[in-house]
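Listed below are the residues making up each chain.
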Amino acid sequence: MRHQESFVPLADEELAATTGELELEDRQALRRVAGLSTELTDVTEVEYRQLRLERVVLVGVWTEGTVTDAENSLTELAALAETAGSQVLEGLIQRRTRPDPATYIGRGKVDDLGSVVLSTGADTVICDGELSPSQLRNLEQRTRVKVVDRTALILDIFAQHAKSKEGKAQVELAQLEYLLPRLRGWGESLSRQSGGSARVGGAGGGVGLRGPGETKLETDRRRIRTRIARLRREIKGMRSVRQTKRSRRTRNAVPAVAIAGYTNAGKSSLLNRLTGAGVLVEDALFATLDPTTRRAHAADGRVYTLSDTVGFVRHLPHQIVEAFRSTLEEVADADLVVHVVDGAHPDPEEQVRAVREVLSEVGADRLPELLVVNKTDAADEETLLRLKREWPDAVFVSARAGRGIDDLRAAIEARLPRPAVEVRAILPYDRGDLVARVHQRGEVLGSSHTGEGTVLHVRVDEALAAELAPYRLHEEWSPVNPR
């Protein structure tokens, strides 16, 4: 029997490259395996960085807005939990004026939550908010299962998805800053005398590092503070490298466009459509964390950059915003923000509000914004009509189907900053390098060829205008070589 060799046609290989399919396969191959033994004899002994989420019950407190808003928030929490590798069994919402300071949902409701945990066989409770150490401790003692809040869940997802050295350092910094004030919240076992190595962050103990009466809690805190200081120094060094790259683009007058938006709104898909970047695309929250920058060419020949950024989410932990500040500054230093919105989301207006809130924290709210409503192929017509009335200047596209991409590209190019100096010049044919730079960095308004050289009517930046000065044309020009 003849062996038939399988192969992928070139077109499919190119498609795989533009959707990040290889990286997606790698990630899926390393997904957490459900059903493995993760039962804990003492829930207070769980390390923070190994949440071991499996079968979870979600709990939310509805303090304001409509019941639809509360349900949307819990639905998003379920998507976050599934992204982290969990199986969601049940979701509960309680109406309160404010969360209970002791148990988050109130003492009476904790018993009801315990009954649901027992009946469903859940091993983890995830709360839709940031819990204090005492709330964590009280809920764990009453439910006898692991309790995780929204912030810890997001940090766990970030830890799974970070790839680059900078991304991993930023995530670890955010995790440790979150953990430091909550060490006591993980159980009384942390306050006993330390007889071995600390478990936090995977760091081992050492001779001479602890006093004779130092508790494990004090040891852990000191180790975390030392590690935080080291991570901040490392990130500061990486930040200077990023600033050097940005200053080089600024010096060359290359316009920068930042793609920002809610997580899973389709930012990476749009970047792939516009530039063929090959960034990972996955229907999951925070699929890509590390920013990707690619060059693009406008119709008039100018070069500009497109940068994909980390996705946002409502109530994005402030530890993440601070740790990823150097990455988010890519947005603040851009010339244009392409704000991508998921048109198929139940509440796209809330997405826009949440993203703009984070952009204001990093000083990017003052920049020109181009609103792009994505996933129009999955949105219903009534929603699209409402959004078109609310955002008449927005561009409506479908990155998946390729619809509206040309309109988006034209809208981006129309909003790129125009060079400041208008110049008419004739460049000798041996200065093709200068002609190429004019096409890359300037806006060509007209061109022609004569026996003396290439006649250009362009808009350029001041630095390039200085290079063109020896070749500038005056009103009474005769075809003589200006050199």
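Each value, and the rule that gives it
Residues numbered from 1 in each chain as written. Predicted model: local features only at pLDDT ≥ 70, side-chain atom pairs only at ≥ 80, totals over all residues. Heavy atoms only, no water. Helix = DSSP H or I, 4+ residues; strand = E, 2+ residues; numbered from the N terminus. Buried < 20%, exposed > 50% of the residue type's maximum accessible area, 1.4 Å probe, protein only. Contact = heavy atoms within 4.5 Å. Areas by Shrake-Rupley, 256 points an atom, 1.4 Å probe, with all protein chains shown as cover. Pairing = 2+ DSSP bridges. Axes fitted to C-alpha atoms, helices over the stretch in contact; angles between N-to-C directions. Expected span 1.5 Å × (residues − 1). Phe/Tyr/Trp six-rings, centres within 6.5 Å; stacked < 30°, edge-to-face > 60°. Lys NZ or Arg CZ within 6 Å of the ring centre and 35° of its normal. Core = buried A, V, L, I, M, F, W, Y, C linked by side-chain atoms within 4.5 Å. Salt bridge = Lys/Arg side-chain N within 4 Å of Asp/Glu carboxyl O. pLDDT = per-residue confidence, 0-100.

**Regarding the overall build of the chain**
Assigned secondary structure in the chain consists of 16 helices and 13 strands. Taken over 483 residues, the chain has a buried fraction of 49%. The long-range fraction of contacts in the chain, counting pairs at least 24 apart against all pairs at least 6 apart in sequence, stands at 70%. Within the structure as shown, the chain displays about 23900 Å² of accessible surface, and the carbon and sulfur contribution to it stands at 49%.

**What about helix α9 (residues 267-275)?**
Turning to α9, its buried residues number three or more, namely K267, S268, L270, L271, N272 and L274. Following α9 by one or two positions, G276 adopts a phi angle in the positive range, close to 65°.

**Quick word on the sheet that holds strand β13 (residues 454-460)**
Within the open sheet, the three strands sit side by side as β11-β13-β12. Their pairing is antiparallel. At either end of the open sheet lies a strand with only one pairing partner, and these are β11 (421-427) and β12 (443-449). Averaged over all neighbouring strand pairs, the angle between strand axes comes to 15°, with direction disregarded. In this sheet, β13 lies alongside β12 in antiparallel orientation, the contact comprising six bridges. Counterpart to E443 in the pairing with β13 is R459. Sheet strands touched by helix α15 (residues 432-441): β11, β12 and β13. Its angle to β13, the strand with the most contacts, is close to 35°.

**With respect to the environment of A344**
Relative to the assigned elements, A344 resides in the loop between β8 (336-342) and α12 (348-361). Distance from A344 to K375, taken between C-alpha atoms, is 6.1 Å for residues 31 residues apart in sequence. If sequence neighbours within four positions are ignored, A344 has contacts with N374, K375, A378 and A379.

**What to know about helix α4 (residues 107-120)**
Counted at 1.5 Å a residue, the expected span for α4 with its 14 residues is 20 Å, and the 21 Å between its end C-alpha atoms agrees. On its buried face, α4 sits against β1 (55-62), β2 (87-95), β3 (124-127) and α5 (133-143). Of the residues flanking the end of α4, it is G121, one or two places downstream, whose phi is positive at about 75°.

**Description of the packing of aromatic side chains**
For the coordinates displayed, the defined rule picks out zero aromatic pairs. Residue placement shows R95 over the ring face of W62; its charged tip is 4.4 Å from the ring centre.

**Side note on the nonpolar core**
Core analysis: the biggest nonpolar cluster contains 95 residues, and L153, F312, L408 and I412 have the highest contact counts within it. No other element matches the seven residues that helix α7 (residues 165-179) contributes to this core. In contact with F312, not counting residues within four places along its chain, are A260, G261, Y262, T263, L328, V355, V358 and L359. Counting 14 residues, the second largest nonpolar core, distinct from the first, contains A425, V438, L456 and L464.

**Remarks on the pattern of salt bridges**
In the structure shown here, the tally under the stated rule is 18 salt bridges. Two residues, D111 and R142, come together in a salt bridge whose shortest N-O distance is 3.0 Å. One end of the pair, D111, is in helix α4; the other, R142, is in helix α5, with 31 residues separating them in the sequence. Between D433 and R431 there is a salt bridge, with its nearest N and O atoms 3.1 Å apart. What you see here is one network of salt bridges that share partners, running through R431, D433, R437 and E467.

**A few points about the sheet that holds strand β7 (residues 303-308)**
The strand order across the open sheet formed by six strands is β6-β7-β5-β8-β9-β10, and the pairing between neighbours is mixed. Since the sheet does not close on itself, it has two edges, and those belong to β6 (292-297) and β10 (395-396), each with one partner. In this structure, strand β9 (residues 369-374) lies alongside β10, joined through two bridges in parallel fashion. By the bridge assignment for β10, V373 is matched with F396. Together, β5 (256-261), β6, β7, β8 and β9 form the strand contacts of α9, whose direction differs from that of β7 by roughly 155°.

**Brief notes about the environment of I320**
Its location among the elements puts I320 in helix α10 (residues 318-323). With relative accessibility at 2%, the residue I320 sits in the buried group. Between the alpha carbons of I320 and Y178 there is a distance of 9.5 Å; along the sequence they are 142 residues apart. When near neighbours in sequence (up to four residues on either side) are disregarded, I320 contacts L155, F158 and A174.

**Points about the confidence of the model for the chain**
Any segment with low pLDDT has predicted coordinates that should not be analysed in fine detail. Summary statistics for the chain give a mean pLDDT of 76 and a share of 74% for residues scoring 70 or more. Confidence, read as mean pLDDT per element, is least for helix α1 (residues 10-18) in the chain (46) and greatest for β10 (96). Low pLDDT, under 50, characterises residues 476-483; the predicted model gives this stretch eleven contacts beyond four residues in sequence or across chains.

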